[in-house]
Amino acid sequence: MRLDLETATREDWRRLKEDLRHQAKAFGIDKIGFASADPFLSLRDILLRHRAKGRESGFEEPDIEKRVRPELSFDKPRSIIAVAVAYPSKLKDPPRSEKGAYRGILSRSAWGEDYHRVLKRRMERLESYIAERVPEARMQSMADTGALVDRAVAERAGIGWIGKNCSVITPEFGSWVFLGEMITNIPFEPDTPVTEECGDCTICLDSCPTGALEGPGELNARRCISFLTQTKGVVSDEFKRKIGNRLYGCDTCQVVCPKNKGLNWTHQAEFRPDPEKVKPLLLPLLELSNRQFKEAYGDSAAAWRGKNPIQRNAVIALGNFRDESAVPVLARLLLHDARPAIRESAAWALGRIGGKQAMEALEAAARKETEPVVREAVQKAVQAHQEQVK
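The numbering scheme is per chain: residues are counted from 1 as the chain's sequence reads. For this predicted model, a pLDDT threshold of at least 70 governs which residues receive local features, and a threshold of 80 or more governs which side-chain atom pairs are given and counted, while totals over whole chains, interfaces and linings are taken from all residues. The basis for the side-chain values is all heavy atoms of the structure; hydrogens and waters are excluded.

S.K.: I'm lost on the nonpolar core in this one. Help?
M.R.: For soluble globular proteins, the rule of thumb is that nonpolar side chains tend to be buried together. The definition of a nonpolar core used throughout is a set of buried Ala, Val, Leu, Ile, Met, Phe, Trp, Tyr and Cys residues joined through side-chain atoms within 4.5 Å. Working definition: with a 1.4 Å probe on protein chains only, accessible area under 20% of the residue-type maximum means buried, over 50% means exposed, and in between means partly exposed. Ranked by internal contacts, the top residues of the largest apolar core, which has 63 residues, are L106, L330, L333, L334, L350, L362 and V378. Core analysis: the second largest hydrophobic core is formed by 37 residues, A84, A86, I159 and V177 among them.

S.K.: For this particular structure, what's the right way to read helix α1 (residues 10-23)?
M.R.: Spacing of three or four residues puts side chains on the same side of an α-helix, whose turn is 3.6 residues. Under the scheme used here, helices are H or I runs from DSSP no shorter than 4 residues and strands are E runs no shorter than 2 residues, and both carry numbers assigned from the N terminus. To estimate the expected span of a helix, subtract one from its residue number and multiply by 1.5 Å. Compared with an ideal rise of 1.5 Å per residue, which puts 14 residues at 20 Å, α1 spans 20 Å between its outermost C-alpha atoms and is within 8% of the ideal. When α1 is considered as a whole, its buried residues turn out to be D12, W13, L16, K17 and L20. Seen from one end, α1 has its buried residues packed into an arc of 140 degrees, which puts them on one side. Here, two residues are considered to be in contact whenever any of their heavy atoms come within 4.5 Å of each other. Residues of α1 that are buried in the fold lie against β1 (31-35), β2 (79-86) and α4 (115-133). In this description, one arc is meant: the one made by directions from the helix axis to the C-beta atoms.

S.K.: When you look at the pairing of strand β7 (residues 177-184) in this model, what are you seeing that I'm missing?
M.R.: Note on strand geometry: in a regular strand, side chains alternate between the two faces of the sheet. Among the eight residues in β7, eight count as buried, and that is most of the element. Pairing between strands is defined by DSSP: at least two bridges between the two strands are required. Both β2 and β7 contribute to a ladder of eight bridges, which runs antiparallel. When the bridges of β7 are listed, A86 appears paired with V177. As defined by bridge partners, strand β4 (residues 139-142) adjoins β7 across four bridges and the pair is classed as antiparallel. Bridge assignment links M142 to a residue of β7, and that residue is E181.

S.K.: What is the right way to read the sheet that holds β7 from this model?
M.R.: If you trace the four strands from one edge of the open sheet to the other, you get β1-β2-β7-β4, paired in antiparallel fashion. Either end of the sheet is taken by a strand with one partner, and the two such strands are β1 and β4. The mean inter-strand angle of the sheet, taken between neighbouring strand axes irrespective of direction, is 20 degrees. Judged from the five bridges that link them, β1 and β2 form a sheet pairing that is antiparallel. Bridge pairing in β2 places K31 opposite A84. Axis geometry follows a simple rule: fit a line to the C-alpha atoms, using only the stretch in contact for helices, then measure angles between N-to-C directions, giving values from 0 to 180 degrees. Against the sheet, α1 engages β1 and β2, with an angle of about 155 degrees to β1. Sheet contacts for α4: β1, β2, β4 and β7; angle to β7, the most-contacted strand, approximately 35 degrees.

Shown next, in the form of structure tokens:
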């Protein structure tokens, strides 16, 4: 039965809404909710305070009004459909780091195929179904790509609640979900928000490696390891050791969450991880050309910033492992790589590892390096090495 926007009744829209719930699984959507398209006025104040405190990552939509007002992205919106798609949290038979064969790790959001692509296909199926039922329907879908704040839409639509770790936590799937939304000109009645909350639990706040969670629901993105691993420049020494062996993203605040205990969703085939790809050997990663990186990781969400941040993070990881077998490669990077961020990280890593060969490389770099930030790193590494051998 086709519906006309002008003549359809409230009961007609209710039935269509229930049809969409029943069809969601067939579209590959694990949960669907409906929200009003009213402005997110309370969110506006939060975002303004966030900006005033310098907590933004710089990756978000810069116009705060666009983030809180659906009507600035879509002419005369009448409702928003929110969706959630679950993803895995555990590796089956994960490869282990060993001496001389240390490994990095990609966050779970980068396992399998890029979730932006997957959610786009899921929402295209949803759009097609709605278009068949309501020929006059207008729709605009987004998944971490639009102006609106995905978490705020999901919370309003009853998908879950925003936890103290700033993730949307669903009663069914925990926080292991990707979020998307669709603005429409269809007057769907809004769902009731989830009332479950985190209670007095603060495990995520207490476990954040850098203290980026400065309070319940208050994330300083500039200190978040997930953000830091995606930056393209030099990582402050304050954070290098805290990054550990993370190559892209950070899952700590989700892993420790009691609401996620024992949850692992493997039914979405596109997100099933290749253990060797999401927990790769570090040294071979440093040898990848742009073409080889694209071939290996081009279909992953981790590829959006290119190979440079991931290779820099791999250098940091080798320093954190104090991998002596990596010294020849790190020395070559320090002395010959064209990228200052790689040379700076290599200097730091060599200082952490220490030994005669590392020291020789650092001394050679001290004689030839002209980039101030790298020269400073070399000097610090030499000094740290000298203090170790006293």
